[in-house]
Amino acid sequence: MLHSMIDAIAATGARVIKFQMHIAEAESSVHDEFRVRFSRVDATRYDYWKRMELTPEQWAEVKSHCESLGCEFFCTPFSVRAVNLLEDLGVARYKVGSGDVNNLLLLEAIARTGKPAILSSGMSTLDELDRAVELLRGRCGSLAVMQCTSQYPVKPERWGLNHIGELRSRYGLPTGLSDHSGTIFPGLAAVALGASLIEVHAVFDKQMFGPDATSSLSMSELGQLVKGVGDIATALATHGSKNDVSEFSNMRRLFGRSLTVAKDLQQGSVLTFSDLEAAKPGGYGIEPREYELVLGKRLKRSLTRGSFLTEGDIE
């Protein structure tokens, strides 16, 4: 299943695939409670983490698979031991989950690697984020902060899109959105608001077993998000001039207008507003924007309804 998901995610055009590294003995205990009690085989959350663990050899296979498809293997460690294992694997950067913003022991372990880090903010106050940013800034190769709401799925009123700009202004760092809405809309809106990172969960089907399925994107939706994010980023990076309409010259002619007479008019008629109309294309008569210049002028010759009005037709 895991390797099938890697293939499917890579096929959407995503270029980073993020995992979570759970090591039960390092991060959990018998008192660890389920957020959503969904497992039929695990008596405790510790049991669940233990059952879901991968060996170092399996993690190496996962990383190799991602890289063979041109994707970065990215991971959230949930313990110092996980950081050490990820260092052995040679990861390029780290993600700090929302629940670990106050875990300064883990943040210190990540900071000591000197590698770039991304800090999620789902359960944190600004004071707590300030402390985490202070610990990581300057010690990691680079640092980014993600707006996140730790609800599954999160409703539109709690997406917190306004926080993206607030976090960027507060810390002067790249910002992004870690989204649990189960739709593509927050990610697209976030990019338009200046987010440089988007994180979502992905599943084959939202009816799949697991607590996060309804908060995830299907592979089809993920593909739409990837394309939309790329297109919006391209649009935002393209700084054209609204005054440069050279590429629309033919369209301007086709959709442009030329003044015509709205009724049959005899030679010597004095033109009034009700005598005028504007018909396509442009370039066949006086431009409609100059209609006021012909009002009150006399016709040099008779014109039938629909005839283009030229400068030679008026005195």
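Definitions and limits used
Residues numbered from 1 in each chain as written. Predicted model: local features only at pLDDT ≥ 70, side-chain atom pairs only at ≥ 80, totals over all residues. Heavy atoms only, no water. UniProt positions renumbered as here; feature names shortened; annotations may be inferred. Helix = DSSP H or I, 4+ residues; strand = E, 2+ residues; numbered from the N terminus. Buried < 20%, exposed > 50% of the residue type's maximum accessible area, 1.4 Å probe, protein only. Arc of directions from axis to C-beta. Contact = heavy atoms within 4.5 Å. Pairing = 2+ DSSP bridges. 1 Å grid on protein atoms, 1.4 Å probe; cavity = no way out; pocket = protein on both sides within 12 Å on 5 of 7 lines; lining within 4 Å. Points joined across faces, edges and corners; volume = space filled by probe spheres on them. Nonpolar A, V, L, I, M, F, W, Y, C, P; charged D, E, K, R; others polar.

In the annotation of an unreviewed UniProt entry, the protein chain is listed under the name N-acetylneuraminate synthase and assigned to Peteryoungia aggregata LMG 23059.

A. Representation of the UniProt feature "domain: AFP-like" (unreviewed entry) in the protein chain within the structure. The UniProt record marks residues 258-315 with the feature "domain: AFP-like" (unreviewed entry), using the residue numbering of this structure. Strand forms 14% of residues 258-315 and helix 0%; the C-alpha atoms that close the span are 19 Å apart.

B. Broad picture of helix H5 (residues 80-89). Taken together, the buried positions of H5 are Ala82, Val83, Leu85, Leu86 and Leu89. The buried residues of H5 occupy an angular sector of 165° when the element is viewed end-on, so they sit on one face. In this structure, the buried residues of H5 make contact with strand E1 (16-21), helix H4 (56-68), strand E2 (72-77), strand E3 (94-96) and helix H6 (104-113).

C. Here's a closer look at the pairing of E1. Because side chains alternate across E1, one face comprises the buried residues Ile17, Phe19 and Met21, and the other comprises Val16, Lys18 and Gln20, none of which is buried. Note that E1 and E2 share 6 bridges and pair parallel. Among the inter-strand pairings, Val16 is bridged to a residue of E2, identified as Glu72.

D. Examining the environment of Gly70 more closely. Assignment of secondary structure puts Gly70 in the loop between H4 and E2. The exposure class of Gly70 is partly exposed, given its relative accessible area of 47%. In sequence terms Gly70 and Ala10 are 60 residues apart; their C-alpha atoms lie 8.0 Å from each other.

E. Main features of the layout of surface pockets. Counted as a void, the second largest pocket has a volume near 300 Å³. Forming the walls of the second largest pocket are 18 residues, and the residues nearest its centre are Ser121, Ser124, Gln147, Cys148 and His163. Those elements giving two or more residues to the lining of the second largest pocket turn out to be helix H7 (126-136), strand E5 (143-148) and helix H8 (162-171). It is H8 that provides the largest number of residues to the lining of the second largest pocket, a total of 4 residues. Here the lining of the second largest pocket is composed, by residue class, of 4 nonpolar, 10 polar and 4 charged.

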